[in-house]
Amino acid sequence: MDINIKTALISVYHKENIDNIVKHLTNLAIKIISTGGTKEYIEKLGYEVTSVESLTNYPSLFNGRIKTLHPSIMGGILFNRDEINDLEESKQYQISQIDLVIVDLYPFEQTLKQTQNADEIIEKIDIGGISLIRAAAKNYKHVLVIPSENEYKFLIDLLVNKNGISSISDRKYMASKAFEITTNYDRIIYQYFNELPLVNIPTSPITQLRYGENPHQKAWYIGNFDNIFDKIQGQDISYNNLLDIDASINLIQEFDEPTIAILKHNNACGVASSSNIILAWHKALEADPISAFGGIIVSNLCITEELAVEINKLFFEILIAPSFENQSLKILSSKQKRIILKQKAFPPEIYSIKTALNGVLIQEKDLHKINSNTFKVVTEKHPSIEETEDLIFANKIVKHTKSNAIVITKNKQLLGSGTGQTSRIDAVKNAIEKAHKFNFNLSGAVLASDAFFPFSDSIELAYNAGITSFIQPGGSIRDSESINFCNQKKLSMIFSNFRHFKH
């Protein structure tokens, strides 16, 4: 059912963006109702506007807390035009219908970020505005709601291209946007009263994925992928792809030098930093060319034509980089199913969310950046400059590797890793075996552990393989055993003082 808008109610906090809307409403002879500062702003623009007070016969009360919560306004939005009783009551009580409601809520979230003054914060809890939004959205069969300034473009398109006539699909779509906004608004207020962090839980857009972790599982992605990436080409992104992409960009942002990482199942199978991005690619691939097959490649530098030629030799599923030379895209696009992503931004979230049992786990993300200021050399021997650089490099990787995790590196190249093991010594064994599998010489290599060593057996095993320096968080009641072993064998060990479990 199409509805020709005849009357519009405008109640907005940010008024400077309604000029164009008011102009088009007036051009279509749509009656405008408003109150307070919004009414004054429209009048200063030179347009005719009817005051809410003239309809309610009440002034704005209690310092503006009560303005629109009155049957003449709420009734004009809510009454059912298809019900005879509603129509009769609207006539009896002289309630005129309102076809369009434009609201921009008080900026509660922004106020939270700007002040800790409780009185200022509470005053930014919108009551009338959110009631108008909910009322108009509930009665979407007859009323179009514009619930934030982000939707003004939609309204202007409707006023210009459809002469102010809204379809049922227009109104239902805006109703869904309205309840998305009220849901998020109320959630932030709830978090404030419960002294919870301001956790971003997206509610749109919703994308149904091909399937979940396995083909028999349905899956959806809720979030705006386009805010982070430009998808240049490739097949639809799957549930598992999204997890790998997330792991990839979280890892690569640790590095400032030219770096390439190759990931499989959320873990790095190849990482290398170098002054030359081509060399970084070859060293990353060299770490585990078998696992790299069908993996995810991420670079922190532009994909040049020369680099594209080399990468194109490998079968991979996803390539992520901040930019691409035109010729490189011509080379890489030879296989159309490849997903090629240009990263525009890094997600700003500082919290991570997981479901558990019948609830949700929320924690701060592990944003600790390793640096020598947080180190503590606990052995008699200090690591060399080269070893220190490799220890920092290894610790960056182990931070993003599933626990229990061990990473072995040398010359800023991943040589082997032990991931997701149930014992730390098994993780060490796996890392050494992986390095030996690809014929790496571990003499002079370094080792990073995501958590402390409960015994010195892991240190001894690594020493026998040729590893000379270690970094771990420390904190075991048996730390002295590992330190003493290192001192006996003239090895060096650093305590980072930060554990990096990743489950």
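Every value quoted in this text rests on a predicted model; they were computed, and no experiment measured them. (Residues numbered from 1 in each chain as written. Predicted model: local features only at pLDDT ≥ 70, side-chain atom pairs only at ≥ 80, totals over all residues. Heavy atoms only, no water.)

Caption draft 1: Focus on the environment of Gly223. Topologically, Gly223 is positioned in the loop between strand 9 (220-222) and strand 10 (229-233). A C-alpha to C-alpha distance of 43 Å links Gly223 and Asn85, two positions 138 residues apart in sequence. Residues contacting Gly223, with those up to four places away along its chain left out, are Pro202, Ser204 and Pro205. (Helix = DSSP H or I, 4+ residues; strand = E, 2+ residues; numbered from the N terminus. Contact = heavy atoms within 4.5 Å.)

Caption draft 2: Spatial organisation of helix 8 (residues 128-138). With eight of its eleven residues buried, helix 8 lies for the most part within the structure. For helix 8, the secondary structure elements touched by its buried residues are strand 2 (7-12), helix 4 (71-78), strand 5 (100-104), strand 6 (144-146) and helix 10 (168-193). (Buried < 20%, exposed > 50% of the residue type's maximum accessible area, 1.4 Å probe, protein only.)

Caption draft 3: Structural detail: unusual backbone geometry. Cis geometry is found at the peptide bond from Ser204 to Pro205, where omega equals -15°. Within the secondary structure layout, Pro205 lies in the loop between helix 10 and strand 8 (206-208). In this structure, the amide linkage connecting Ser403 to the following residue, Asn404, adopts the cis form with an omega of -10°. Mapped onto the elements of the fold, Asn404 is located in the loop between helix 16 (385-398) and strand 19 (406-409). In this structure, Asn266 takes a positive phi of about 75° despite not being glycine.

Caption draft 4: Seen up close, the pattern of salt bridges. The full count for this structure, using the stated rule, is 15 salt bridges. Lys177 serves as the salt-bridge partner of Glu180, at 3.4 Å between the closest nitrogen and oxygen. Separated by three residues within a single helix, Glu180 and Lys177 lie in helix 10, roughly one turn from each other. Considered together, Glu180 and Lys177 belong to a single accessibility category, that of buried residues. The shortest N-O distance in the salt bridge between Glu254 and Lys399 comes to 2.7 Å. In this pair, Glu254 sits in the loop between helix 11 (239-252) and strand 11 (259-264) while Lys399 sits in the loop between helix 16 and strand 19, placing the two residues 145 residues apart along the sequence. A single network of salt bridges, built from pairs that share partners, joins Glu254, Lys369 and Lys399. (Salt bridge = Lys/Arg side-chain N within 4 Å of Asp/Glu carboxyl O.)

Caption draft 5: Representation of the packing of helix 17 (residues 424-437) against helix 18 (residues 457-464) within the structure. The interhelical angle for the contact between helix 17 and helix 18, taken along N-to-C directions, is 10°, at an axis separation of 9 Å. Accordingly, the angle class assigned to the pair helix 17 and helix 18 is roughly parallel. Crossing hand, helix 17 versus helix 18: right-handed. Two secondary-structure elements touch here, helix 17 through Arg424, Ile425, Val428, Lys429 and Ile432 and helix 18 through Asp457, Ser458, Leu461 and Ala462. The class makeup of the residues in the contact of helix 17 with helix 18 is five nonpolar, one polar and three charged. (Axes fitted to C-alpha atoms, helices over the stretch in contact; angles between N-to-C directions. Parallel < 35°, antiparallel > 145°, perpendicular 65-115°, else oblique. Left-handed = near helix turned anticlockwise from the far one by under 90°. Nonpolar A, V, L, I, M, F, W, Y, C, P; charged D, E, K, R; others polar.)

Caption draft 6: Summary view of the pairing of strand 11. In terms of burial, strand 11 is largely enclosed, as five of its six residues are buried. Across six bridges, strand 11 lies against strand 12 (residues 267-273) in antiparallel orientation. The residue bridging Leu263 from the neighbouring strand is Ala268, located in strand 12. Both strand 11 and strand 13 (residues 295-299) contribute to a ladder of four bridges, which runs antiparallel. From the neighbouring strand, Ile260 faces strand 13, where its bridge partner is Ser299. (Pairing = 2+ DSSP bridges.)

Caption draft 7: Broad picture of helix 18. Within the sequence span of helix 18, burial applies to Ser458, Ile459 and Ala462. Seen along its axis, helix 18 keeps its buried residues to an arc of 100°; they face one direction. In this structure, the buried side of helix 18 is in contact with helix 17, strand 21 (446-449), strand 22 (469-472), helix 19 (479-488) and strand 23 (492-495). Backbone geometry just after helix 18 places Gly466 at a positive phi near 110°. (Arc of directions from axis to C-beta.)

Caption draft 8: Up close: a nonpolar patch on the surface. Residues Phe62, Ile66, Leu69 and Ile127 make up a contiguous nonpolar surface patch of about 360 Å² in total accessible area. Along the chain, Phe62 turns up in the loop between helix 3 (52-56) and helix 4. (Patch = residues over 30% accessible without salt bridge, like charges linked within 9 Å, V, L, I, M, F, W, Y side chains within 5 Å. Areas by Shrake-Rupley, 256 points an atom, 1.4 Å probe, with all protein chains shown as cover.)

Caption draft 9: Broad picture of the nonpolar core. Residues Ile10, Leu25, Ile77, Leu100 and Ile102 are the most contacted members of the largest nonpolar core, which totals 50 residues. It is helix 10 that provides the largest number of residues to this core, a total of seven residues. Sequence-distant contacts of Leu25, that is, excluding residues within four places in its chain, are made with Ala8, Ile10, Ile30, Ile32, Leu100, Ile102 and Leu159. Formed by 38 residues, the second largest nonpolar core is a distinct cluster that contains Leu209, Val298, Val398 and Val446. (Core = buried A, V, L, I, M, F, W, Y, C linked by side-chain atoms within 4.5 Å.)

Caption draft 10: Layout of the packing of aromatic side chains. Taken as a whole and assessed by the stated rule, the structure comprises nine aromatic pairs. Geometrically, the ring pair formed by Tyr13 and Tyr106 is edge-to-face, given 5.9 Å between the ring centres and 70° between the ring planes. Note that Tyr13 is positioned in the loop between strand 2 and helix 1 (19-27) and Tyr106 in the loop between strand 5 and helix 6 (108-114), a separation of 93 residues in sequence. Take Tyr106: its relative accessible area is 26%, and that puts it in the partly exposed class. Counting every residue linked through ring pairs, the aromatic cluster contains Phe108, Tyr185, Tyr192 and Phe193. It is Lys15 that lies over the ring of Tyr13; its NZ or CZ is 5.9 Å from the centre. One cation-aromatic arrangement involves Arg81 over Phe79; the distance from NZ or CZ to the ring centre is 4.5 Å. (Phe/Tyr/Trp six-rings, centres within 6.5 Å; stacked < 30°, edge-to-face > 60°. Lys NZ or Arg CZ within 6 Å of the ring centre and 35° of its normal.)

Caption draft 11: Expanded view of the side chain of Glu151. Relative to the helices and strands, Glu151 is located in the loop between strand 6 and helix 9 (152-161). Buried charge without a salt bridge: Glu151, with Lys177 as the nearest opposite-charge side chain at an N-O distance of 4.1 Å. Once residues within four sequence positions are removed from consideration, Glu151 is found in contact with Ile146, Met174 and Lys177. (Lys, Arg positive; Asp, Glu negative; His and termini not counted.)

Caption draft 12: Expanded view of the sheet that holds strand 3 (residues 31-34). Taken in spatial order, the five strands make up an open sheet running 4-3-2-5-6, and their pairing is parallel. Whereas interior strands pair on both sides, the edge strands pair on one side only; in this sheet they are strand 4 (50-51) and strand 6. As defined by bridge partners, strand 2 adjoins strand 3 across four bridges and the pair is classed as parallel. Bridge pairing in strand 3 places Ala8 opposite Ile32. Against the sheet, helix 8 engages strand 2, strand 5 and strand 6, with an angle of about 145° to strand 5.

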